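Here are the chains, one letter per residue:
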Amino acid sequence: MSTKMKEKRENKRAFFTLEDNITASVEPHKNGGPVQVIILSISAGGLSFVGARQKVSGIKEGDRFTLKGFEAPEPLGRIDSVEAEVKYILDHDVNIRVAFGCEFTKIPASFVRRIEEYVNFRYREMGLEDKNIQF
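Everything numeric here is computed off the predicted structure, so don't read it as measured data.

Draft legend 1. Region of interest: the overall build of the protein chain. Broken down by element type, the protein chain carries two helices and seven strands. Entry remark: accessible area of the protein chain is about 8300 Å², with carbon and sulfur atoms responsible for 49%.

Draft legend 2. Focus on the packing of aromatic side chains. Tallying each qualifying case throughout the model produces four aromatic pairs. Measuring from centroid to centroid gives 5.0 Å for Phe49 and Phe100, while their planes differ by 25°, and the two rings are stacked. Here Phe49 is found in strand E4 (residues 46-52), whereas its partner Phe100 is found in strand E7 (residues 97-106), with 51 residues between them in sequence. Aromatic ring contacts, followed pair by pair, group Phe16, Tyr118 and Phe121 into a single cluster.

Draft legend 3. Highlighting the pattern of salt bridges. One pass over the structure, following the stated rule, counts eight salt bridges. The partner of Glu27 in a salt bridge is Lys68, and the shortest N-O contact between them spans 3.5 Å. Taken together, the residues span a long stretch of sequence, with Glu27 in strand E2 (residues 23-28) and Lys68 in strand E5 (residues 64-71) at a distance of 41 residues. What makes Lys68 partly exposed here is its relative accessible area of 34%. Residue Glu125 pairs with Arg122 through a salt bridge whose shortest N-O separation is 4.0 Å. Within this pair, Glu125 and its partner Arg122 are both found in helix H2 (residues 109-125), separated by three residues, close to a single helical turn. When its relative accessible area of 18% is taken as the criterion, Arg122 is described as buried.

Draft legend 4. The arrangement of H2 in detail. If you check H2, its first and last C-alpha atoms are 24 Å apart, about what 17 residues at 1.5 Å a residue would give, namely 24 Å. For H2, the full list of buried residues reads Phe111, Ile115, Tyr118, Val119, Arg122 and Tyr123. On an axial view of H2, the arc spanned by its buried residues comes to 140°, and they lie on one face. Looking at the buried residues of H2, the elements they touch are strand E1 (14-15), strand E3 (35-42), strand E6 (78-90) and E7. Where H2 terminates, the next one or two residues include Gly127, which has phi positive at roughly 75°.

Draft legend 5. Focus on the nonpolar core. If you look at the biggest cluster of nonpolar residues, it comprises 31 residues, and the most contacted ones within it are Ile39, Ile42, Phe49, Leu67 and Phe70. Of all the elements in the fold, those that place two or more residues in this core are E2, E3, E4, E5, E6, E7 and H2. If you tally residues by element for this core, the top one is H2, at five residues. Each residue touching Ile42, except ones within four places of it in the same chain, is listed here: Lys12, Arg13, Ala14, Phe16, Leu47, Phe70, Leu76, Ile79, Phe104, Ile115 and Val119.

Draft legend 6. Expanded view of the pairing of E7. Taken together, the seven bridges between E4 and E7 define a ladder with antiparallel strand orientation. When the bridges of E7 are listed, Ser48 appears paired with Gly101. In terms of strand pairing, E6 meets E7 through seven bridges, oriented antiparallel. Residue pairing for E7: Ala84 is matched across the bridge by Phe104. Hairpin connection between E6 and E7: a loop of six residues separates the two successive antiparallel strands.

Each value, and the rule that gives it
- Residues numbered from 1 in each chain as written.
- Predicted model: local features only at pLDDT ≥ 70, side-chain atom pairs only at ≥ 80, totals over all residues.
- Heavy atoms only, no water.
- Helix = DSSP H or I, 4+ residues; strand = E, 2+ residues; numbered from the N terminus.
- Areas by Shrake-Rupley, 256 points an atom, 1.4 Å probe, with all protein chains shown as cover.
- Phe/Tyr/Trp six-rings, centres within 6.5 Å; stacked < 30°, edge-to-face > 60°.
- Salt bridge = Lys/Arg side-chain N within 4 Å of Asp/Glu carboxyl O.
- Buried < 20%, exposed > 50% of the residue type's maximum accessible area, 1.4 Å probe, protein only.
- Expected span 1.5 Å × (residues − 1).
- Arc of directions from axis to C-beta.
- Contact = heavy atoms within 4.5 Å.
- Core = buried A, V, L, I, M, F, W, Y, C linked by side-chain atoms within 4.5 Å.
- Pairing = 2+ DSSP bridges.

These values are about where atoms sit, not about what they do.
So this is what it looks like as structure tokens:
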């Protein structure tokens with residue numbers, strides 16, 4: 001993404017590292033079977049993930065999918081199934097992984113509340129709850 005792009009995020013995000021190995025299965029609504037990905041961030045509005053280039057090459061901007069088997073650290077825990085749409089793709093030829101930013105399209109209100117609580121929990125852990133900082 002360009003540094004000139006205006007930030008459009010409405011929700012605070014919690015981040016994970018590749019080493020955290022927070023995985024899930026992405027099941028495209030159109031064609032292709034399930035693909036294992038690693039979750040990089042989550043907010044009440046969406047999430048980002050990376051996948052091996054050769055396995056995610058068929059996923060395009062605008063594609064809708066169901067995310068299944070997402071197991072985050074407590075207090076968020078397991079989210080069984082949510083639907084999302086790919087909003088942007090970061091694909092640099094030199095990387096073995098491709099990153100995707102996605103917006104939730106169908107998610108139960110109870111999951112939204114759990115995600116918001118989890119993100120706030122992570123901010124408190126980092127000592128950022130009183131700061132006007134958004135990532």
